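Examination of the molecular architecture
If you want the building blocks of each chain, they are given just below.
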Amino acid sequence: MSNYHIKHLEEYYQVYRKSIREPENFWEEVAEEHFMWRKKWDNVLSWDFSKPEVKWFEGAQLNITENCIDRHLATRADKTAILFEPNDPKEPAEHITYKQLYERVNQFANVLKDQGIKKGDRVCIYLPMIPELAISVLACARIGAIHSVVFAGFSSTALSTRINDSDCKMVVTSDGSYRGSKTIDLKGIVDEALEDCDGIESVLVAKRINTDINMKAGRDQWLQPLLDKASTVCKVEIMNAEDPLFILYTSGSTGKPKGMVHSTGGYMVYTAYTFKNVFQYRENDVYWCTADIGWITGHSYIVYGPLANGATTLMFEGVPSYPDFGRFWEVVEKHKVNQFYTAPTAIRALAKQGMELVDKYDLSSLKVLGSVGEPINEEAWHWYNDNIGKKNSPIVDTWWQTETGGIMISPIPFVTPTKPTYATLPFIGIQPALMDEDGKELKGNQVDGRLCIKFPWPSMARTIWGNHQRYKDTYFSAYENKYFTGDGALRDEVGYYRITGRVDDVIIVSGHNLGTAPIEDAINEHPAVAESAIVGFPHDIKGNALYGYVILKDFGETRDQNNLRKEINQIITEHIGPIAKLDKIQFTSGLPKTRSGKIMRRILRKIACKDTSNLGDTSTLLNPEVVQDIMDNAL
Ligand code: ATP
Ligand code: MG
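Remember, predicted model here, so these are calculated numbers, not experimental data. (Residues numbered from 1 in each chain as written. Chains lettered and ligands numbered in written order. Predicted model: local features only at pLDDT ≥ 70, side-chain atom pairs only at ≥ 80, totals over all residues. Heavy atoms only, no water.)

**Topic: a negative patch on the surface**
This is how it is decided: Patch membership is restricted to residues that have no salt bridge and whose relative accessible area is over 30%. Joining uses 9 Å for like charges and 5 Å for the nonpolar side chains Val, Leu, Ile, Met, Phe, Trp and Tyr. Accessible surface area values rest on a Shrake-Rupley calculation with a 1.4 Å probe, where residue burial reflects the displayed protein chains alone. Within this document, salt bridges are pairs made up of a side-chain nitrogen of Lys or Arg and a carboxyl oxygen of Asp or Glu, the two lying within 4 Å of each other. For this count, His and the chain ends are skipped, Lys and Arg are scored as positive, and Asp and Glu as negative. By convention, charge coordinates are those of NZ in Lys, CZ in Arg, CG in Asp, or CD in Glu. Helix and strand labels come from DSSP, where a helix needs a run of H or I of at least four residues and a strand needs a run of E of at least two; each type is numbered from the N terminus. Each residue's exposure class comes from its accessible area (1.4 Å probe, protein chains only) as a fraction of the maximum for that residue type: buried when under 20%, exposed when over 50%, partly exposed otherwise.
Together, Glu192, Glu195, Asp196 and Asp198 make up a region of like negative charge exposed at the surface. Position of glutamate 195 among the secondary structure elements: in the loop between helix 8 (186-194) and strand 11 (202-206). Look at glutamate 195 and you get exposed, because its relative accessible area is 64%.

Dropping the structure here:
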């Protein structure tokens, strides 16, 4: 019997128990049944969290692109692999079949080889969400080059830091990119970045916006003429299961980004297995994840996980607000999307717009809705559930990290009963532990602590590029023999997990530990509130007090601010208790966010503590202008 597709809750518990009792047998079966290996492993797992060292499927040989492309050709050659929806809705969508993907990846791989890229070399990919992005990622994987995708919204400084950190030899970019009604001069950003990067030997430039750009002789080349000349056949490089597949830097919400290194075999097995189960993907479904491939969500659940399953994966170049805030729903209707995976920040922004732009479109194709990136607050959850899913499409609130490679805690749709704000149950094979501050594991249910994982899973990052010590210090030193996630969580009476926020953001008020997520969740219940963030600041008596930054919905701005403050504290008292009442509430037009849309609380904390001389690394901020505004109006 295949245990690839979980179908009911009892089966989940059965498979889960097996995956915990006999992890090696369990993952060996999954790996054996569903993938193409050039050589099978000698050993399923060896691990030692004290070093830390983890190896899955040691001795096995494979190429992940054979699993994502070649093996589908027999049965799915004409099936759409990548469905590209351009920024401009008037530009036709592009259906790239598995056969075409095979040819285009091979051509690209041959170009890389001609340019002297070899197994183990690092290639930086700085491209907008156009097909060349997915194709270049796969082309690197085909020849064993390690890709390092940098989100194409990052600044030149953020780009050069990442290029230098991993010693990339090549950059793949484009002449520019579209973002809603704007165009962005990507090549100009690359040129600026490369002034500080001595290691880059060549730059390949895809044409997207047909603008005049500067091409540096001897370094820069247009991509298309090279592709046109290249053969559509390229033999795969045979990789060991533990060879690095890619480097990806964490979002940078908390500080200097870390170059996480992911393996080939384990990463493939886990992302494919989670994709199939968490989205309940069926053969003719159209799956859409709105993330950018520049984030781990895009790596695992736009490219590798879906393609390893022979799925149709939609790649969207645009933004949710262009030409208007109905764009997501227009695309769902147009392509009859079945699984839709997005982030709470997008859901909140869309919910703020009202319903006309939702009701215009037929969303009846949707079967599963996903959320990732931040805790989803209750109001946003219900909005998503009622208006997008029409109460028919389960929401999978998926908790995971760049470091974990794949989804770790999540409902399985139609299997796990969902509960707003809860990521619910650990995925198959995942062994979470909640720890108290003294390093003791909290057993049983109805406990609240720091979230760790106590057993390896196949897609965990193996190290931080060039800094194994930092990897050990950050993730394996807080608690002996456990991977520490940096997040806090609680386990309810039935064993469901709720992520309460980052441990760094936990605020101790009068001796009570308060996570940010539940308090923000309560604040957001107020009908006039669009979004909020809370931080702590020193207080003589309580040790710390709470400072809230609140964005109001349009109509809220006409309300009396002091009354609003009282009402917000009233809601907090009802939902959590008077201990969590805010001492200060600043109304603001925006919150500092990372480019992946997450609130950067460390900056807000500094402002609340009136310590603004050094705000730390802000190169990953989406909206730096808002910081000054918040400082000017600080309480
Ligand atoms: P950095 O590690 O550089 O500070 P980051 O943590 O934002 O950046 P990611 O790896 O993209 O980088 O994000 C993972 C984090 O996002 C998790 O540790 C968690 O805090 C948050 N997160 C992701 N998904 C969820 C979710 N479903 N519920 C709650 N929090 C989530
Ligand atoms: Mg993190």
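Let's pick the thread back up.
**Considering the site of ligand 1**
Put simply, the rule reads: Summary of the distance rule: residues count as near a molecule or strand when at least one heavy atom falls within 4 Å of that molecule or strand. Two N or O atoms count as a polar contact when they lie within 3.5 Å, although within protein this holds only if one can serve as hydrogen donor and the other as acceptor, and sequence-adjacent residues are included solely when both atoms are side-chain atoms. Three classes are used: nonpolar for Ala, Val, Leu, Ile, Met, Phe, Trp, Tyr, Cys and Pro, charged for Asp, Glu, Lys and Arg, and polar for all others, with Gly counted as polar.
Around ligand 1 sit 20 residues, and of these Gly252, Ser253, Thr254, Thr402 and Lys598 come closest. At a separation of 2.5 Å, an oxygen atom of ligand 1 approaches a polar side-chain atom of threonine 402. Bound to the protein, ligand 1 loses 94% of the 630 Å² it would expose on its own. Residue composition of the shell around ligand 1, grouped by class: four nonpolar, nine polar and seven charged.

**Thoughts on the sheet that holds strand 7 (residues 146-149)**
Which entries qualify depends on this criterion: Two strands qualify as a pair provided that DSSP identifies no fewer than 2 bridges between them. The criterion used for residue contact is that any of the two residues' heavy atoms lie within 4.5 Å. All axes here are fitted lines through C-alpha atoms, helices being fitted over the stretch that makes contact, and every angle between N-to-C directions spans 0 to 180 degrees.
What the eight strands build is an open sheet, ordered 12-11-8-6-7-14-15-23; its pairing is mixed. Each having just a single partner strand, strand 12 (220-222) and strand 23 (463-464) make up the two edges of the open sheet. One ladder, built from five bridges, connects strand 14 (residues 244-249) with strand 15 (residues 259-263); its direction is antiparallel. Looking at the pairing, leucine 248 lines up with methionine 260 of strand 15. Sitting on the sheet, helix 8 touches strand 8 (170-174), strand 11 and strand 12, and the angle it makes with strand 8 is about 155°.

**Here's the deal with the sheet that holds strand 28 (residues 529-539)**
Strand-to-strand pairing in sheets goes through backbone hydrogen bonds, with the strands running parallel or antiparallel. The three strands are arranged 28-29-30 in an open sheet whose pairing can be described as mixed. At either end of the open sheet lies a strand with only one pairing partner, and these are strand 28 and strand 30 (584-587). Put simply, the sheet's adjacent strands are angled 20° from each other on average, direction ignored. Where strand 29 (residues 543-552) and strand 30 come together, four bridges link them in parallel fashion. Residue pairing across strands places glycine 548 opposite isoleucine 585, the latter belonging to strand 30.

**Side note on the confidence of the model for the protein chain**
Basically, it comes down to this: The pLDDT score gives, residue by residue, the confidence of the prediction method on a 0 to 100 scale.
Here the protein chain shows a mean pLDDT of 95. Residues at 70 or above account for 99%. Among the scores for the predicted complex, ipTM is 0.99 and pTM is 0.95.

**Brief notes about unusual backbone geometry**
Following lysine 51, the chain continues to proline 52 via a peptide bond in cis, the omega torsion being -20°. One can find proline 52 in the loop between strand 1 (43-48) and strand 2 (53-58). Here the amide bond leading from tyrosine 322 into proline 323 is cis, since omega sits at -5°, within 30 degrees of zero. In this structure, phenylalanine 57 takes a positive phi of about 60° despite not being glycine. By the element assignment, phenylalanine 57 lies in strand 2.

**Here we look at the side chain of asparagine 385**
Residue position: asparagine 385 is located in helix 15 (residues 378-388). Filtering out sequence-adjacent residues up to four positions away, asparagine 385 remains in contact with Lys390, Lys391, Ser393 and Ile395.

**Notes on the environment of lysine 440**
Here lysine 440 is to be found in the loop between strand 21 (432-435) and strand 22 (447-453). With 124 residues separating them in the primary sequence, lysine 440 and leucine 564 have C-alpha atoms 41 Å apart.

**Observations regarding helix 1 (residues 9-21)**
Under the convention used in this document: Between the first and last residue of a helix there are one fewer steps than residues, each counted as 1.5 Å, and that sum is the expected span. What the arc measures is the spread of directions leading from the helix axis to the C-beta atoms.
The terminal C-alpha atoms of helix 1 lie 18 Å apart, and with 13 residues this matches the ideal 18 Å at 1.5 Å per residue to within 8%. Those residues of helix 1 that sit buried are Glu11, Tyr12, Val15, Tyr16 and Ser19. In an axial view of helix 1, the angular spread of the buried residues amounts to 130°, which keeps them on one side of the axis. Structural note: helix 1 exposes Glu10 and Arg21 on the side pointing more than 90 degrees away from its buried face. Tucked inside the fold, the buried residues of helix 1 contact helix 2 (23-34), helix 10 (265-278) and strand 21.

**Brief notes about the packing of aromatic side chains**
We describe a pair of aromatic rings using the distance from one ring centre to the other and the angle between the two ring planes. Note the threshold: Between the rings of Phe, Tyr and Trp (Trp by its six-membered ring), a pair exists once the centres lie within 6.5 Å; its type follows the angle of the planes, with under 30 degrees stacked, over 60 edge-to-face, and the other angles tilted. In this scheme, Lys NZ or Arg CZ marks a charge over a ring once it lies within 6 Å of the ring centre and within 35 degrees of the ring normal.
According to the stated counting rule, one finds 44 aromatic pairs in the structure shown. Aromatic pair phenylalanine 316 and phenylalanine 328: ring centres 6.1 Å apart, planes at 75°, arrangement edge-to-face. A residue pair is termed long-range when its members are at least 10 positions apart, and phenylalanine 316 in strand 17 (residues 312-316) and phenylalanine 328 in helix 12 (residues 327-335) qualify at 12 residues. When its relative accessible area of 3% is taken as the criterion, phenylalanine 328 is described as buried. Chaining the aromatic ring pairs together yields one cluster made of Trp47, Phe49, Phe455, Trp457, Tyr471, Tyr475, Phe476 and Tyr483. Looking at arginine 162, its charged tip hangs above the ring of phenylalanine 154, at a distance of 4.4 Å from the centre. In this structure, lysine 419 packs its charged tip against the face of tyrosine 422, placed 4.1 Å from the ring centre.

**Here we look at the side chain of threonine 500**
Secondary-structure assignment places threonine 500 in strand 25 (residues 497-502). By relative accessible area, which is 6% here, threonine 500 ends up buried. The residues touching threonine 500, leaving out its near neighbours within four places in the chain, are Gly488, Ala489, Leu490, Gly515, Thr516, Ala517 and Pro518.

**Some remarks on the environment of aspartate 560**
Inspection of the secondary structure puts aspartate 560 in the loop between strand 29 and helix 18 (561-575). In this structure the C-alpha to C-alpha distance between aspartate 560 and isoleucine 296, which are 264 residues apart in sequence, comes to 42 Å.

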